[in-house]
Amino acid sequence: MHAQAAAQEHTITLIPGDGIGPEITRVVVRILEATGVKFCWEECLAGAEAFERYQEYIPSDLYLSIERNRVALKGPVTTPIGGGFASINVILRKHFELYANFRPIQNLPGLPTHYPGVDLLIIRENTEGEYVGIEHEVVPGVVESIKIITEKASTRISEFAFNYARKHGRKKIHAVHKANIMKMSDGLFLRCARAVAKKYPDVLYGEHLVDNTCMQLVTNPYQYDMLLLENLYGDIISDLCAAFVGGLGLVPGANLGADCAIFEAVHGSAPDIAGTNVANPTALLQSAVLMLRHIDEADAADRVHRAIETVYEAKQSLTRDVGGTAGTNEFGDAVIAALEHSPSAHNRLL
Ligand code: NAI
């Protein structure tokens, strides 16, 4: 008799975040637990709530937990506007060298949209550009904000994009820039992208100015396959593209480094709807699907993805942002019910 190998337990750092973060994270954890994959969650606070409790916006326990586990699932964290503490998201991405922000934009079945059949992949540089946050007042009434673009980071993100395209059979990459105005910084980004593109003759390469890209996207998103962008342009264009597939409640993301990853939705903490059980957990759930693939739980990833599709096709348990009347928790219940009818690959073989 063969002893059956015990399923591996995955220790994951869990950052519920604030605003709608805790409510969507709770639902997503419940769904992940229902897959049968074994998790040990190390829950950590970040942002204003962490400061209240520990007088630190990113407590040392959070850094240590990610250092140990190398994988985190993160809810959104509020960043004060026009002052206050620096973005926790930006600090974590920089600290753990999570240089590639990976944001797939794909329609879900059953959702009416002006743009059916979108399949677009956004690759955003995640560590520099305007997001280095170096600003100072030169004299009263004049502020200088520094944008850093380096050959190292621009080449690294270009390599990531082209390598991904080759591995996954994507056909075309457009670098998005404003090198007509920012001739040196965006010029360097483009030179690096072009140099990498030369090494991948099997992947088509194009360039568009960022303002033109916005118009082109709204007119015909199908002309693009993958977009390669600096940090700020990637942030803005991601939200624009989210509208193609039903809004911010749907689009997942992954912050990827050489040996560490944080999975989080594209959207923010949505303070306007926090605590009302109307937030859509799909974007975080889809980010968790990316996480399942990352930790080699492809079967569970497929099952959760199919369960999401089933719930969207049925249309009965959708949240308000996508035209439904269900609450955050009820959507989660429906996904779990659909999961139960979606046998694992192991069971399907029996
Ligand atoms: P937001 O993405 O939080 O919200 C924009 C709009 O989309 C709001 O009307 C909101 O209700 C809606 N929305 C977002 N997610 C939703 C969901 N899951 N279900 C249903 N509706 C949803 O952007 P906003 O308001 O500009 O930013 C709020 C805060 O979030 C800011 O402090 C910002 O810095 C922070 N933020 C954090 C991010 C992160 O932690 N990764 C990313 C983006 C913003």
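Engineer: Quick one: what's the story with the site of the ligand, residue by residue and with numbers?
Structural biologist: The local shell around the ligand holds 22 residues, among which Val 77, Gly 268, Ala 270, Asp 272 and Asn 280 are the closest. Take Val 77: an N or O atom from its main chain is 2.9 Å from an oxygen atom of the ligand. Between the ligand and Asp 272 there is a distance of 2.9 Å, counted from an oxygen atom to a side-chain nitrogen or oxygen. Summarising the interface, the protein chains cover 71% of the accessible area of the ligand, which totals 810 Å² for the free molecule. Of all the cavities here, the one that holds the ligand is the largest pocket. Classifying every residue of the shell around the ligand by side-chain character gives 9 nonpolar, 8 polar and 5 charged.

Engineer: So what's going on with the packing of aromatic side chains? Which residues, and what values?
Structural biologist: A full pass over the atoms with the stated rule returns 10 aromatic pairs. Aromatic pair Phe 39 and Trp 41: ring centres 4.7 Å apart, planes at 20 degrees, arrangement stacked. For Trp 41, a relative accessible area of 19% puts it in the buried group. Among the aromatic side chains, those forming a connected cluster through ring pairs are Phe 51, Tyr 57 and Phe 85.

Engineer: Got a sec to walk through helix α9 (residues 282-294)? Specific residues and values, please.
Structural biologist: Because an α-helix packs 3.6 residues into every turn, residues spaced three or four apart end up facing the same way. When the terminal C-alpha atoms of α9 are compared, their 18 Å separation across 13 residues agrees well with the 18 Å that a helix rising 1.5 Å per residue should span. Regarding α9, the residues found buried are Thr 282, Ala 283, Leu 284, Leu 285, Gln 286, Ser 287, Ala 288, Val 289, Leu 290, Met 291 and Leu 292. Taken from the residues just after α9, Asp 296 is the one with a positive phi, measuring 65 degrees.

Engineer: Mind laying out the state of the cysteines, listing which residues take part and the relevant values?
Structural biologist: In total, this model carries 0 disulfides according to the counting rule given. Not part of a disulfide, Cys 214 finds its nearest cysteine sulfur in Cys 241, a span of 8.6 Å. When its relative accessible area of 26% is taken as the criterion, Cys 214 is described as partly exposed.

Engineer: With reference to specific residues and values, describe the layout of surface pockets.
Structural biologist: The gaps left among the atoms become clear once a water-sized probe is rolled over them. What the largest pocket holds in volume is close to 1200 Å³. Breaking the lining of the largest pocket down by element, the ones donating at least two residues are α4 (88-95), β6 (129-139) and α8 (231-242). Looking at the lining of the largest pocket, the element that brings in the most residues is β6, giving 5 residues. When its residues are assigned to classes, the lining of the largest pocket shows 21 nonpolar, 15 polar and 12 charged. Taken as a whole, the second largest pocket spans an internal volume of roughly 920 Å³. Listed by contribution, the elements that provide at least two residues to the lining of the second largest pocket are β4 (100-106), β5 (119-125), α5 (151-168), β11 (254-256), α9 and α10 (298-314). Counted by class, the lining of the second largest pocket contains 20 nonpolar, 8 polar and 6 charged residues. Structurally, the lining of the second largest pocket is a two-domain feature, drawing no fewer than three residues from each of domain 1 (8-113 + 246-350) and domain 2 (130-135 + 142-227).

The rules behind each value
- Residues numbered from 1 in each chain as written.
- Predicted model: local features only at pLDDT ≥ 70, side-chain atom pairs only at ≥ 80, totals over all residues.
- Heavy atoms only, no water.
- Near = heavy atom within 4 Å.
- Polar contact = N/O pair within 3.5 Å; in protein donor to acceptor, adjacent residues only side chain to side chain.
- Areas by Shrake-Rupley, 256 points an atom, 1.4 Å probe, with all protein chains shown as cover.
- 1 Å grid on protein atoms, 1.4 Å probe; cavity = no way out; pocket = protein on both sides within 12 Å on 5 of 7 lines; lining within 4 Å.
- Sits in = over half its atoms within 2 Å of the grid points.
- Nonpolar A, V, L, I, M, F, W, Y, C, P; charged D, E, K, R; others polar.
- Phe/Tyr/Trp six-rings, centres within 6.5 Å; stacked < 30°, edge-to-face > 60°.
- Buried < 20%, exposed > 50% of the residue type's maximum accessible area, 1.4 Å probe, protein only.
- Helix = DSSP H or I, 4+ residues; strand = E, 2+ residues; numbered from the N terminus.
- Expected span 1.5 Å × (residues − 1).
- Disulfide = S-S within 2.5 Å.
- Points joined across faces, edges and corners; volume = space filled by probe spheres on them.
- Domains from an automatic or database assignment.

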